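Fold and geometry: a report
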Amino acid sequence: MTGLRRRGWFGLQPSDRPAGITVAALVPDGPAARVGLRVGDVVRALDGDAVPTAASLRQRLSARRAGDVVTLSLTDGRALTLTAAASPEERHPGLVTRYGEARAGSFDLR
């Protein structure tokens with residue numbers, strides 16, 4: 001097995017606003033914050049394709065895997081390139097979380 005890549009994570013929360021898809025929140029030191037995205041920025045496109053709603057942006061970002069690279073185009077003319085981090089692991093007091101994988105026929109399962 002070559003190993004399953006974990007789901008990608010960008011550390012941003014988009015919201016539909018009259019100005020367009022606005023960055024409503026950022027995780028400090030997350031991938032989006034590290035490249036200079038700011039709360040209040042308005043996203044025009046993802047990888048050159050227009051995104052009509054915050055839900056469509058979330059859906060397209062959630063399909064990415066750790067290590068994938070995307071470019072967000074903003075209405076102020078900036079284009080920011082982000083690399084998806086691995087989705088944060090679950091943490092529970094007193095419990096150990098182990099991520100693994102198993103082969104099921106021709107598929108790898110997490």
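Here, every reference points to the structure presented above.
Not measured: the values here are computed from a predicted model.

Re the overall build of the chain
Secondary structure summary: the chain contains 2 helices and 10 strands in total. In the chain, the succession of α and β elements from N to C terminus is β-β-β-α-β-β-α-β-β-β-β-β. Taking the intrachain contacts of the chain between residues at least 6 apart in sequence as the baseline, contacts between residues at least 24 apart amount to 48%. Total accessible area computed for the chain in this model is approximately 6,800 Å², and 52% of it derives from carbon and sulfur atoms.

Let's talk about unusual backbone geometry
The phi dihedral of aspartate 29 is positive, around 65°, even though this residue is not glycine. Examined against the element boundaries, aspartate 29 turns out to sit in the loop between β3 (20-26) and α1 (31-34). Judged by its relative accessible area of 58%, aspartate 29 falls in the exposed class. At aspartate 47, a position not held by glycine, the phi torsion is positive, near 55°. Residue position: aspartate 47 is located in the loop between β4 (42-46) and β5 (49-50). On the basis of relative accessibility, which here comes to 35%, the residue aspartate 47 falls in the partly exposed class.

A short note on helix α2 (residues 54-62)
Listing the buried residues of α2 in full gives Ala54, Ser56, Leu57 and Leu61. Down the axis of α2, the buried set is contained in an arc of 160°. They therefore lie on one face. Summarising the contacts, the buried residues of α2 are in contact with β2 (12-17), β3, β4 and β6 (69-74).

Observations concerning the side chain of serine 15
Considering the arrangement of structural elements, one finds serine 15 in strand β2. Side-chain polar atoms of serine 15 contact the side chain of arginine 17, separated by 3.1 Å. Beyond its immediate chain neighbours, meaning those up to four positions away, serine 15 contacts Gly20, Ile21, Thr22, Ala24 and Ala54.

Scoring rules and cut-offs
Residues numbered from 1 in each chain as written. Predicted model: local features only at pLDDT ≥ 70, side-chain atom pairs only at ≥ 80, totals over all residues. Heavy atoms only, no water. Helix = DSSP H or I, 4+ residues; strand = E, 2+ residues; numbered from the N terminus. Contact = heavy atoms within 4.5 Å. Areas by Shrake-Rupley, 256 points an atom, 1.4 Å probe, with all protein chains shown as cover. Buried < 20%, exposed > 50% of the residue type's maximum accessible area, 1.4 Å probe, protein only. Arc of directions from axis to C-beta. Polar contact = N/O pair within 3.5 Å; in protein donor to acceptor, adjacent residues only side chain to side chain.

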